[in-house]
Structures are given as C-alpha cells and as structure tokens.
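Notes for the structure review
One-letter residues, chain by chain:
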Amino acid sequence: MSAEAADPAAVPRRRSLPRIDLRRLGRVALLGPVSRDRLPDAIGHVADAHRAHHPDADLGILHRAYVLAESSHRGQMRKSGEPYITHPLAVTLILAELGAETTTLTASLLHDTVEDTEVTLDQVREQFGEEVCYLVDGVTKLEKVDYGAAAEPETFRKMLVATGNDVRVMSIKLADRLHNMRTLTVMRPEKQARIAKVTRDVLIPLAERLGVQALKTELEDLVFAILDPEEYADTRALIASTTGDEDPLGAIADRVRATLREAGISAEVLIRPRHFVSVHRVRRKRGELRPTDFGRLLVLVGEDADCYAVLGELHTCFTPVISEFKDFIAAPKFNLYQSLHTAVVGPEGAVAEVLIRTHRMHKVAEAGVVALGNPYAHDGAAQQTEPSDERADPTRPGWLSRLLDWQESATDPDTFWTTLRADLAQDREITVFRTDGGTLGLPAGASCIDAAYAQHGERAHACIGARVNGRLATLSTQLSDGDTVQLLLAQDTASGPSPEWLDHARTPAARIAITGWLSAHPDAPVPEAGGADGRTEPAADNPQSAAPARTRSGGRAANVVVDGPESPIRLAGCCTPVPPDEVVGIVVRGGAVTVHRQECPAVARMREIGRAPVAARWRDEDGWSDPAACRVTLVAESFGRPRLLADLTEAIATADAAIVSATVEPPSEQRVRHTYTLQLPDAAGLPALMRAMREVAGVYDVSRAQHPAATG
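These remarks concern the structure in this document. (Residues numbered from 1 in each chain as written. Predicted model: local features only at pLDDT ≥ 70, side-chain atom pairs only at ≥ 80, totals over all residues. Heavy atoms only, no water.)

**What about the overall build of the chain?**
The following threshold applies: The helix count covers DSSP runs of H or I at least four residues long, the strand count covers runs of E at least two residues long, and both are numbered beginning at the N terminus. Per-residue accessibility, obtained with a 1.4 Å probe over protein chains only, is compared with the maximum for each type, and a residue is labelled buried under 20%, exposed over 50%, and partly exposed between these values. Residues count as neighbours in contact if any of their non-hydrogen atoms are within 4.5 Å of one another. What sets the accessible areas is the Shrake-Rupley method with a 1.4 Å probe; for residues, cover comes only from the shown protein chains.
A tally of helices and strands in the chain yields 28 helices and 20 strands. Counting every position in the chain, which comprises 712 residues, the buried fraction comes to 54%. Put simply, 68% of the contacts in the chain that link residues at least 6 apart link residues at least 24 apart. Summing over all exposed atoms, the chain offers an accessible surface of approximately 30800 Å²; the carbon and sulfur share of this is 50%.

Here is the structure:
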C-alpha cells in the first residue's frame with residue numbers, strides 16, 4: 001500500500017499485460033468526479049477489462065467506489081509526483097485483467113482509504129456492504145506507532161487470518177505488491193532490497209500456492225532485477241541476443257498445428273516465452289541453452305478429453321521425451337493447476353517442451369483463485385467433500401488451514417515471521433492417505449512425525465510409531481506422495497515427545513508443538529535411545545512413556561535407590577535394566593537420574609566426557625512393587641519364514657509378557673530383526689522368556705537391546 005512511485009524507467013516486463021499511462025490517469029483524476037450518468041474516464045480501462053470477463057457486471061458500484069477513493073485521496077501524491085489515486089486504479093486494473101469479480105474490484109479501489117485517509121471502516125460498510133468492508137480491513141496495515149518492529153509480521157498475520165475466511169484478501173494484496181514493485185525504483189536502494197526480500201520470501205510463495213501465475217512470474221522478474229542485478233542483466237542480454245535468430249520453436253509449432261489439423265482436433269498452438277527467472281533457472285540447470293529453451297509450446301483445446309487426444313497425436317508423430325511427461329490433469333497440483341506436460345523432438349533434434357490444457361485450465365493456471373470469481377456464491381457445494389481433502393474447497397486450501405493452525409501457537413512475532421518464511425520456502429507438497437479414507441497434505445520430505453501432528457494435533461505427543469503402506473515404520477520415516485500412513489498412539493496420554501523428534505519434523509505445526517511441550521517440561525530427561533531414529537518404537541525410548549509417573553511427579557522409583565539428593569529417577573530405554581542387573585545412575589538434564597546397566601555403552605561414553613555415574617542398586621525383593629518398571633527391550637535375530645511373527649508373539653504371550661511396542665525391520669539377506677519392548681509381571685521371568693523366544697524355529701539369537709545413547 002503506500003507509496004512506491006511510478007517510474008517510466010522501471011525494469012522492463014516481458015509479459016503482455018497492457019500498461020496504462022498513469023500520468024494521463026493522474027491528470028484525469030485531478031479534474032475530479034464527473035456527472036453521475038457516466039463512468040469517470042480514469043476508470044474506463046478498469047470497466048473495459050472487467051466487462052471483457054463479466055459482460056453483465058453492474059458498474060455502478062465501481063463508479064461509487066472510485067468517487068469515494070478519488071475524493072479521499074485528493075491532494076495525496078506518490079513519490080514520483082503522480083496523484084495517489086493512480087495506485088488503487090492500477091491495482092484494480094491488474095485484478096480486472098485477471099477476471100476478478102465486482103466485489104474484489106470495489107475493495108481494491110478502496111484498499112488504501114482506511115489506512116491513508118479519514119475514511120472509516122464503518123463508512124465503507126455503510127456504503128458498500130459487509131463483504132467489501134471485510135476485504136478492505138483485511139489488507140489494511142497495522143500502525144507502527146502501536147506495534148513497532150512487530151508491525152510488518154503482525155500485519156501479515158492479520159492478512160493471512162483474513163485470507164483464511166476470504167482468499168480475495170490476498171488477491172488484492174498480491175496485486176498491490178505487484179504495482180508497488182513495478183514502481184519501486186525511486187526508493188532508496190536499501191528499501192528496495194528490503195521490500196524485494198519480503199516479496200521473494202512471502203508473497204511470491206503465496207502467489208504460487210494460490211495459483212496466480214501471472215502475478216507470480218512478474219514478481220519474480222522484478223525481484224530478480226533488484227536482488228541480483230548482474231545476473232538479471234546477463235539473462236536479459238542473453239534473451240535479447242536470440243531475437244532475429246532462426247526460430248526452431250516456431251518450426252515445431254507449425255508442424256504441431258499441421259498434425260492436429262490433419263487429425264481433426266481443434267486446437268490453438270502458441271509459443272509461450274519463458275520469463276527472465278525461468279530462463280535463468282534453465283541456464284543454471286543445463287549450462288548451455290538450446291534455442292528451444294527460451295520458450296515452450298502451449299496447446300489450448302476445448303475439452304479435457306481433447307488434451308489426451310493431442311498428447312496421443314504428438315507422441316505418435318514426434319519422438320517423445322518420456323522422462324518429461326507429467327499428468328497434472330488426473331492429479332492436479334495443490335494450487336489448482338492442471339495441464340499435461342511433455343516434450344518432443346522436432347526437426348534436426350530440437351527438443352520442445354509442450355503444455356496441453358483446456359481454455360478453462362489456462363485461465364485458472366494464470367489467475368488461480370482470482371479466476372474462481374466469487375468463491376462464496378455457492379456455499380453448499382464446497383461442503384460436500386471430505387474437509388481434509390486438499391482440493392475439497394479451493395477457497396480454503398489445506399496448506400492455508402495448516403498455516404492458520406500453527407500461527408495460533410506462534411505468539412511471538414519474530415517466531416511467526418521466521419516460521420512463516422520457512423514454511424513458505426517448502427514449495428512442493430505431497431498427499432498421503434489415512435487408513436480412515438481421509439488425506440493429509442504435507443510438504444515434500446515430511447516424516448511420520450509431521451503426519452501425526454497434522455492428523456492428531458497435540459495428541460501426537462503420545463505417538464509411538466506408524467505403519468506406512470501396511471508395514472511398521474519408525475517415526476523418522478520420510479513419506480512419499482501416495483503413501484498410506486497409520487499413526488499408532490500410546491494409551492498412556494502422559495507420554496511426551498523426544499527432543500530428537502525435532503530432527504525429523506518439517507512442518508511448523510509439528511515443530512512448534514514439540515518445542516512447546518519440551519519447554520513446558522524442562523525437567524524431562526533426555527532419552528538415550530535416539531527417539532525417532534532408534535530401532536525400537538519411540539515409546540520404548542521415550543522417558544515419559546517408560547515411567548511417566550516418576551518423571552513427571554518428581555518422585556523416586558519404587559524399585560531403585562541411588563546415592564545423592566532426592567531426584568526423579570527413571571530406567572533407561574537404551575538398555576532397559578531389570579533385576580538382578582548391575583546398575584549405575586547418570587545425572588541428566590534437569591537433575592533427573594537415568595538408571596543404566598553397568599555394561600551399557602552410554603555409561604562408558606558419559607565417563608569419557610567427564611560425567612561420573614552415581615551409585616545405584618535395586619531395592620530388596622519385597623520392595624519390587626512397580627510393574628511398569630519391569631520393562632525390557634529384546635532383539636530377536638532370525639531367518640525369515642512364514643508365521644515367524646505369529647510364533648514369536650505366541651511365545652511372548654505364553655510367558656505372560658505384554659508387548660508395549662514392536663518393530664520388524666525389512667529382511668536383509670534372508671535375515672530378519674524383531675525388536676520388542678515388553679512389560680513383565682516379574683523380572684525373574686526374563687531368562688525363561690528369552691529361552692522360549694530362542695526355541696522358536698528360525699530364531700538364532702535373542703539379546704537385550706543396546707542402542708546408541710545420546711550424551712546430552
């Protein structure tokens with residue numbers, strides 16, 4: 001909003017969006033409103049662009065909005081000397097060219113009135129209704145006088161929350177930023193760089209996620225020119241050097257037109273030049289650019305089926321580059337984008353990339369959510385699909401719902417600002433399926449930990465493992481697009497996450513929840529078993545799962561005595577000691593004592609770093625009264641065979657031991673490793689249990705677990 005001024009020497013744009021003469025409009029605006037029976041000349045461009053998309057639109061409300069905006073901004077000037085009204089006019093024209101409906105254009109004309117003039121939200125509501133008032137309020141900045149350095153992040157938080165209820169708020173903000181970026185060159189270089197960085201880190205990813213490619217690509221070029229002027233100049237010179245050369249892409253386009261004409265397919269074949277940033281990326285990826293790398297072919301057809309007919313003809317009459325084929329029609333991107341992508345080899349070996357889509361798909365690809373018109377005109381339709389589906393309601397995409405969820409926990413403005421930029425930097429998403437039929441949208445590289453917090457929220461603190469595509473998996477397992485995941489939660493709701501979970505959590509929701517739990521429980525000892533990376537299920541490694549009452553309450557374990565002052569005590573998950581093991585204690589974070597077996601590798605490592613153990617011993621047999629403490633982790637090494645898992649679990653059940661968690665690793669050279677965390681009614685039964693497991697056919701060894709321990 002505010003006032004970056006127009007400059008005719010601004011960075012040239014390669015896109016074909018028409019530009020208007022802002023100085024001429026400024027002169028018209030200075031003449032004031034005209035009679036009520038016709039639109040002011042200054043808004044004529046907006047009216048023409050709007051009627052091109054909405055022939056029956058009522059322009060009366062635009063007239064009234066322009067009159068209010070012009071009169072309230074009269075006397076205000078931009079830094080270039082133009083009347084300020086030229087800014088809301090330009091922003092509104094950008095949205096009109098993308099096909100925005102009348103309500104959005106009305107709010108766009110008024111978007112700076114509440115912030116920069118004496119007009120109030122009550123006046124806007126009274127004259128234009130609640131919808132327009134909400135959009136204007138959503139894009140109005142918070143005052144630096146009230147918020148200080150937090151004004152910018154809190155303004156974006158406010159806009160995002162408003163966008164959660166109406167995506168048109170962000171459409172106006174993106175168009176506003178585009179015009180300000182077009183006219184940024186009169187600002188000081190340091191301010192140009194600051195605004196460009198925020199645009200790069202926040203607004204360009206938001207434009208991508210909302211599918212507004214027409215705004216995103218131009219914003220990318222403008223940011224490129226400011227933040228990397230040398231590379232921008234080189235790229236611009238490289239593109240200019242190809243002008244006038246022989247055009248192999250044009251030759252391939254002619255052959256494609258002839259091929260489709262002979263096949264009886266009605267299609268429009270266009271050459272779509274790459275924008276500066278796209279050329280720069282291809283150059284960095286390939287080094288030497290081919291003549292066909294400066295653009296792509298765009299084939300537009302009438303129906304979805306025609307897209308596949310075109311694809312069939314191209315792959316029949318040209319040599320296809322199979323590795324370049326992608327079907328975003330059958331599986332649209334999370335930002336509504338649909339197209340078929342392929343590449344074919346033309347004459348003399350020239351390779352051309354081809355995009356195939358319908359005219360409707362093209363409009364959505366360019367304008368994204370703006371092309372939806374008024375997305376709230378038919379509320380019932382959006383409610384008929386599963387709410388967890390990423391594409392169920394394009395007006396409230398899944399990524400936005402997740403962003404709004406985690407921002408509530410990020411009360412500190414700096415934390416919110418840093419996390420928002422990190423979240424938006426994850427520019428690719430995957431969809432995983434839940435066993436109940438729902439779906440989860442997650443960033444690429446997300447783990448089972450991220451899936452747990454996405455599905456269960458804070459209940460995920462008690463997650464002990466997962467099944468991915470039907471197989472047991474550790475919580476650190478990375479998920480792939482199309483995986484089916486089942487999260488396993490402990491019945492013990494007092495369980496908590498391990499600090500190691502943060503190494504595998506990619507989503508802000510998971511990281512904020514885990515960090516919050518760890519901060520709220522500073523006395524919780526650091527688990528020695530490596531948390532989500534351990535071979536056993538995380539419940540076995542988690543101190544809160546193993547002995548929640550002792551760890552949380554600060555009481556002493558009923559069956560262990562340690563020398564020293566009163567401290568919380570727990571049994572180590574890495575070596576799971578039970579009587580009559582020789583044991584020692586290790587003091588960990590918060591003053592708690594973790595009891596290990598004498599031969600546990602963790603004890604030797606602690607000694608090496610100068611942390612002396614404390615003496616510990618079991619209470620006498622009469623004092624053995626805590627069944628939760630009779631936990632042990634056993635590793636069974638075996639040769640793979642049918643029914644092995646069933647026979648092992650039967651042997652465990654016969655010994656009256658309860659399985660707390662279990663992990664079966666994928667077979668390696670016909671060998672299988674099973675890891676069980678068991679709860680025994682009596683530690684004296686451990687030797688007999690291990691003998692029974694060794695007697696199962698195919699099992700050649702059963703041993704106590706010895707996991708690598710953290711030294712923290």
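That shown, we press on.
**Section: unusual backbone geometry**
For N469, which is not glycine, the phi torsion reads 55° and is therefore positive. Residue placement: N469 occurs in the loop between β9 (463-468) and β10 (471-473). The phi torsion at D656 lies on the positive side, around 60°, for a residue other than glycine. With respect to the helices and strands, the residue D656 is situated in the loop between α27 (644-654) and β18 (658-664). Classification of D656 as exposed rests on a relative accessible area of 56%.

**Here we look at the pattern of salt bridges**
Two side chains bearing opposite charge may form a pair once their charged atoms approach each other closely. Under the convention used in this document: The term salt bridge refers to a pairing of a side-chain nitrogen on Lys or Arg with a carboxyl oxygen on Asp or Glu at a separation within 4 Å.
Under the counting rule described, the total for this entry stands at 22 salt bridges. Of the charged contacts, one joins R182 and E218 as a salt bridge, the two residues approaching to 2.9 Å between their closest N and O atoms. With a gap of 36 residues between them, R182 in helix α11 (residues 168-182) and E218 in helix α13 (residues 213-227) connect regions that are remote in the sequence. Among the residues examined, R182 registers a relative accessible area of 8% and is labelled buried. A salt bridge links K216 to E220, with the nearest nitrogen and oxygen atoms 3.6 Å apart. Placement of the pair is K216 and E220 together in helix α13, with a separation of four residues, close to one helical turn. Take K216 and E220: they sit in the same class, and that class is buried. Bridged by salt links that share partners, the residues E101, E131, D166 and R168 form one connected network.

**A closer look at the environment of L210**
Following the sequence through the fold, L210 ends up in the loop between α12 (189-209) and α13. L210 sits in the buried class, given a relative accessible area of 2%. With 126 residues separating them along the chain, L210 and L336 place their C-alpha atoms 8.0 Å apart.

**Points about the sheet that holds β10**
Our working definition: Two strands form a pair only when DSSP identifies at least two bridges running between them. Geometry is summarised by axes, namely lines fitted to C-alpha atoms with helices restricted to the contacting stretch, and by angles between N-to-C directions that run from 0 to 180 degrees.
Taken in spatial order, the five strands line up as β8-β7-β11-β9-β10 in an open sheet, and their pairing is mixed. At either end of the open sheet lies a strand with only one pairing partner, and these are β8 (439-443) and β10. Averaged over all pairs of adjacent strands, the angle between strand axes in this sheet comes to 40°, irrespective of strand direction. Pairing between strand β7 (residues 429-434) and strand β11 (residues 484-489): two bridges, direction parallel. Looking at β11, one finds that F433 is bridged to T484. Helix-sheet contacts for helix α21 (residues 448-456) involve β7, β8, β9 and β11, and the interaxial angle to β11 is about 75°.

**Some thoughts on the packing of α13 against helix α14 (residues 229-241)**
The test is simple: For classification purposes, angles smaller than 35 degrees are called roughly parallel, those larger than 145 roughly antiparallel, those between 65 and 115 roughly perpendicular, and all remaining angles oblique. Each residue gets one label: Ala, Val, Leu, Ile, Met, Phe, Trp, Tyr, Cys and Pro are nonpolar, Asp, Glu, Lys and Arg are charged, and the others, such as Gly, are polar.
Contact geometry for α13 and α14: axes closest at 5 Å, N-to-C directions at 120°. In terms of their interaxial angle, α13 and α14 are classed as oblique. Across the interface between the two elements, D221, F224, A225, I226 and L227 from α13 touch P229, E231, Y232 and T235 from α14. Of the residues contributing to the contact of α13 with α14, the split by class is six nonpolar, one polar and two charged.

**Regarding the pairing of β9**
Burial runs high along β9: five of the six residues are buried. In terms of strand pairing, β9 meets β11 through five bridges, oriented antiparallel. By the bridge assignment for β11, V468 is matched with V485. Sheet analysis places β9 next to β10, joined by three bridges and oriented antiparallel. Bridged to R467 within β10 is L472. Taking the residues that link successive antiparallel strands as the turn, the β9-β10 hairpin has two residues, and the phi of N469 there is positive, at about 55°.

**Focus on the pairing of β7**
Judged from the five bridges that link them, β7 and β8 form a sheet pairing that is antiparallel. Looking across to β8, one finds that F433 is bridged to T439. Here β7 hands over to β8 after four residues, with G437 in that stretch at a positive phi of 100°.

**Regarding the sheet that holds strand β12 (residues 560-562)**
With mixed pairing, the five strands of this open sheet are ordered in space as β12-β16-β14-β15-β13. Each edge of the open sheet is held by one strand with a lone partner, namely β12 and β13 (569-571). In this sheet, neighbouring strand axes are inclined to one another by 35° on average, regardless of whether the strands run parallel or antiparallel.

**So, the packing of aromatic side chains**
As a reminder of what qualifies: Classification of ring pairs rests on two measures: the distance between centres of Phe, Tyr or Trp rings, Trp counted by its six-membered ring, which must be within 6.5 Å, and the angle between planes, read as stacked under 30 degrees, edge-to-face over 60 and tilted in between.
In the structure shown here, the tally under the stated rule is four aromatic pairs. Between the aromatic rings of F224 and Y232, the centroid separation amounts to 5.7 Å while the plane-to-plane angle is 85°, which identifies the pairing as edge-to-face. A residue is classified by how much of its surface remains accessible, and F224, at 8% relative accessible area, is buried. Measuring from centroid to centroid gives 5.0 Å for Y232 and F276, while their planes differ by 70°, and the two rings are edge-to-face. Of the two residues, Y232 sits in helix α14 while F276 sits in helix α16 (residues 276-286), which places them 44 residues apart along the sequence. Both residues of the pair, Y232 and F276, belong to the buried class. Every member of this aromatic cluster is reached through a ring pair, and the members are F224, Y232 and F276.

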